[in-house]
Amino acid sequence: MPMWTLHGDGRTVAPSAIVAPEERLAWPLTIGIGAQHVVAMFGATFLVPRLTGFPPSTTLLFSGIGTLLFLVITRNKVPSYLGSSFAFIAPITASTQADSMGAALGGVMITGILLALLGLLVARVGTGWISVLMPPVVMGSIVALIGFNLAPTAYDNFEQSPLTATITLFAVVLCTALFKGMLGRVSVLLGVLIGYAVAVWRGEVDFTAVREAAWIGLPEFHHPEFNFALVPMFLPVVLVLLAENVGHVTSVGLMTGRNLDHMVGRTLASDGIATALSAGFGGSPTTTYGENIGVMSATRVYSTAAYWVAGITAILLSMSPKIGAAIFTIPPGVLGGVTFVLYGLIGIVGVRMWVDGRVDFSRPKNQFTAGVALVVGIANVTWTFDGITLTGIALGTLAALVIYHLMTQLGRLTGTEERTSAH
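Residues numbered from 1 in each chain as written. Predicted model: local features only at pLDDT ≥ 70, side-chain atom pairs only at ≥ 80, totals over all residues. Heavy atoms only, no water.

A. The arrangement of the overall build of the chain in detail. The secondary structure content of the chain amounts to 19 helices and six strands. Relative to the 2.2 N^0.38 estimate, which gives 22 Å for 423 residues, the radius of gyration of the chain is 21 Å and therefore close to what a compact globule would have. Its C-alpha atoms give the chain principal-axis dimensions of roughly 65 × 55 × 40 Å. Relative to its 423 residues, the chain shows a buried fraction of 55%. A fraction of 81% describes how many contacts in the chain between residues 6 or more apart in sequence connect residues 24 or more apart. Split by element, the accessible area of the chain, about 18,100 Å² in all, is 67% carbon and sulfur. Seen as two clouds, the 20 positive and the 20 negative side-chain charges of the chain have centres 11 Å apart. (Helix = DSSP H or I, 4+ residues; strand = E, 2+ residues; numbered from the N terminus. Rg over C-alpha atoms; globule rule 2.2 N^0.38 Å. Buried < 20%, exposed > 50% of the residue type's maximum accessible area, 1.4 Å probe, protein only. Contact = heavy atoms within 4.5 Å. Areas by Shrake-Rupley, 256 points an atom, 1.4 Å probe, with all protein chains shown as cover. Lys, Arg positive; Asp, Glu negative; His and termini not counted. Charge placed at Lys NZ, Arg CZ, Asp CG, Glu CD.)

B. Spotlight on the packing of aromatic side chains. Across all of its chains, the model carries eight aromatic pairs by this definition. Seen from their ring centres, Phe 88 and Phe 234 are 6.5 Å apart, and the 45° between their planes marks the pair as tilted. Of the two residues, Phe 88 sits in the loop between β3 (82-84) and α3 (89-98) while Phe 234 sits in the loop between α11 (208-212) and α12 (235-256), which places them 146 residues apart along the sequence. An aromatic cluster is defined as three or more aromatic residues linked by ring pairs; in this entry it consists of Phe 62, Phe 221 and Phe 281. A cation over a ring is seen here: Lys 322 above Trp 215, with NZ or CZ 5.0 Å from the ring centre. (Phe/Tyr/Trp six-rings, centres within 6.5 Å; stacked < 30°, edge-to-face > 60°. Lys NZ or Arg CZ within 6 Å of the ring centre and 35° of its normal.)

C. Spatial organisation of the side chain of Thr 67. Mapping Thr 67 onto the fold places it in helix α2 (residues 56-73). Apart from the residues within four sequence positions on either side, Thr 67 is in contact with Ser 80, Tyr 81, Leu 82 and Tyr 307.

D. Layout of the layout of surface pockets. Looking at the second largest pocket, its volume works out to about 350 Å³. Around the second largest pocket, the lining comprises 18 residues; the ones closest to its centre are Ala 90, Thr 93, Ala 94, Gln 97 and Asn 380. Broken down by secondary-structure element, the contributors of at least two residues to the lining of the second largest pocket are α3 and α7 (151-158). Ranked by residue count, the leading element in the lining of the second largest pocket is α3, at seven residues. Across the lining of the second largest pocket, the residue classes break down as ten nonpolar, seven polar and one charged. (1 Å grid on protein atoms, 1.4 Å probe; cavity = no way out; pocket = protein on both sides within 12 Å on 5 of 7 lines; lining within 4 Å. Points joined across faces, edges and corners; volume = space filled by probe spheres on them. Nonpolar A, V, L, I, M, F, W, Y, C, P; charged D, E, K, R; others polar.)

E. View of helix α8 (residues 162-178). Taking 1.5 Å as the rise per residue, α8 with 17 residues should run 24 Å; its terminal C-alpha atoms sit 24 Å apart, in good agreement. Where α8 is concerned, the buried positions are Thr 164, Ala 165, Thr 168, Leu 169, Ala 171, Val 172 and Cys 175. Around the axis of α8, the buried residues are gathered within 155° of arc, so they sit on the same side. Exposed residues pointing more than 90 degrees away from the buried face of α8 are listed as Ala 177 and Leu 178. For α8, the secondary structure elements touched by its buried residues are α7, α10 (187-201) and α17 (332-356). (Expected span 1.5 Å × (residues − 1). Arc of directions from axis to C-beta.)

F. Representation of the nonpolar core in the model. Met 41, Phe 86, Met 134, Val 138 and Tyr 343 are the most contacted members of the largest nonpolar core, which totals 99 residues. Top contributing element to this core by residue count: α12, with nine residues. When sequence neighbours within four positions are dropped, the list of residues in contact with Val 138 reads Thr 369, Ala 400, Leu 401 and Tyr 404. Counting five residues, the second-largest nonpolar core is a separate cluster that includes Val 19, Ile 33, Val 301 and Ala 306. (Core = buried A, V, L, I, M, F, W, Y, C linked by side-chain atoms within 4.5 Å.)

G. Structural view of a nonpolar patch on the surface. On the surface, Ile 113, Leu 114, Leu 117, Leu 120 and Leu 235 cluster together to form a nonpolar patch covering roughly 440 Å² of accessible area. By residue number, the principal contributor to the nonpolar patch is helix α4 (residues 101-125), which donates four residues. (Patch = residues over 30% accessible without salt bridge, like charges linked within 9 Å, V, L, I, M, F, W, Y side chains within 5 Å. Salt bridge = Lys/Arg side-chain N within 4 Å of Asp/Glu carboxyl O.)

H. Region of the structure containing the pattern of salt bridges. Enumeration over the complete set of coordinates arrives at three salt bridges. Note that Arg 202 and Glu 204 form a salt bridge whose closest N and O atoms lie 3.0 Å from each other. On the basis of relative accessible area, Glu 204 is assigned to the partly exposed category, the value being 26%. For Asp 356, the salt bridge goes to Arg 352, with nearest N and O atoms at 3.3 Å. Here Asp 356 and its partner Arg 352 are both found in helix α17, four residues apart, which amounts to about one turn of the helix. Arg 352 sits in the exposed class, given a relative accessible area of 57%.

I. Highlighting the side chain of Thr 45. Following the sequence through the fold, Thr 45 ends up in helix α1 (residues 27-52). If near-sequence neighbours (up to four positions away) are discounted, Thr 45 is found in contact with Thr 59, Ser 63, Gly 83, Ser 84 and Tyr 289.

J. Structural view of the packing of α8 against α17. With their axes 7 Å apart at the nearest point, α8 and α17 run at an angle of 40° to one another. Accordingly, the angle class assigned to the pair α8 and α17 is oblique. Along this stretch, α8 crosses α17, giving a crossing that reads as right-handed. Within the contact between the two elements, α8 uses Thr 164, Ala 165, Thr 168, Leu 169 and Val 172 and α17 uses Gly 333, Val 334, Gly 336, Gly 337, Val 338, Phe 340 and Val 341. A per-class count over the contact of α8 with α17 returns seven nonpolar, five polar and no charged. (Axes fitted to C-alpha atoms, helices over the stretch in contact; angles between N-to-C directions. Parallel < 35°, antiparallel > 145°, perpendicular 65-115°, else oblique. Left-handed = near helix turned anticlockwise from the far one by under 90°.)

K. Summary view of the confidence of the model for the chain. Across the chain, pLDDT averages 84, with 93% of residues at or above 70. Least confident of the elements in the chain is helix α9 (residues 181-185), whose mean pLDDT is 58; most confident is helix α13 (residues 264-279), at 94. (pLDDT = per-residue confidence, 0-100.)

L. Spotlight on unusual backbone geometry. Phi is positive for Arg 358, close to 55°, though the residue is something other than glycine. By the secondary structure assignment, Arg 358 is in the loop between α17 and α18 (364-379). Judged by its relative accessible area of 71%, Arg 358 is exposed. At Asn 380, a position not held by glycine, the phi torsion is positive, near 55°. Mapped onto the elements, Asn 380 comes out in the loop between α18 and β5 (383-385).

Have a look at this one:
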């Protein structure tokens, strides 16, 4: 177990001060903050296995193990929780329908390995090439099309119980608008709880499996199978995880007043290893969690000790099959309402990348890059060639990369594109 320096008297933090990653507060306070991190990640982390059919207890176990692994590999310098990644939902769903859960796990494992290798490359050569390959217009388009590509899945659940779904949707919206601080950070979880209560009242929840499940027991394990024809559907996710990791490291660096760019290689490798390990036993893929960045921003406590507490707590909670069974009682109406929000927010994260990157949409190359990629993703254009199937996410990603760089190079050849232009 790593050692931390006690911040001040361990009980108070000055208004202008922060608790650095290598510091900690008194253990009772640290445990309390760690519990906040568990609550913050809980709702979104459990929604992924609920949507994909993966065992939730296994997902929780490996989110905890992955978090501890991340802290070890990054030498406790980058506070982060590794929760379930929404970027994988579309390829997992498609792979499960086309083949099996094992095939989906195989795709996730290969993606994790590729991300880990990418992390080793970044650690060796730096991050400069990332902005060249994927400038803001490309990165934003890829992230946005993944969120919008999932819209039909959200509506399939929504229409099974429109009233429950609508109440859940507005519960999330109202909780976000009305509450500040910690309650505001967990508005999605609160919305799910309100929608769930409505679903119980309307008789849409079956508790039989919960009553039959044991309080204590090992999670359910599954193992991957490898169908390489399905792998191309997962490859664009690597780019999304790359964007998420870089954004996470940048955010933490800004909040702590440190330049952490040199840690990107380690964070990518950590996330990739954690994802591959989770897939090896049936858990959901992982990613750094924005919900937990929100907790750090609100508390100004960046101590990695709190994340050790959160990771260990997640592992302990995963040893209750009854919790996993309870998660699977969440009815389609509740899932439909909350995913209308979550999938839309994924799309808006991509739009925010355009705004933050100051993308100039008066320029044709940016218009075509974003426009074509989004239509391909939303329409879920599918192409099968020689047994390999490319879906809307993969084809949309390919379209964004090819159109942007093709128009850039042709513009330079014809003199209509300035070589130094970034946006």
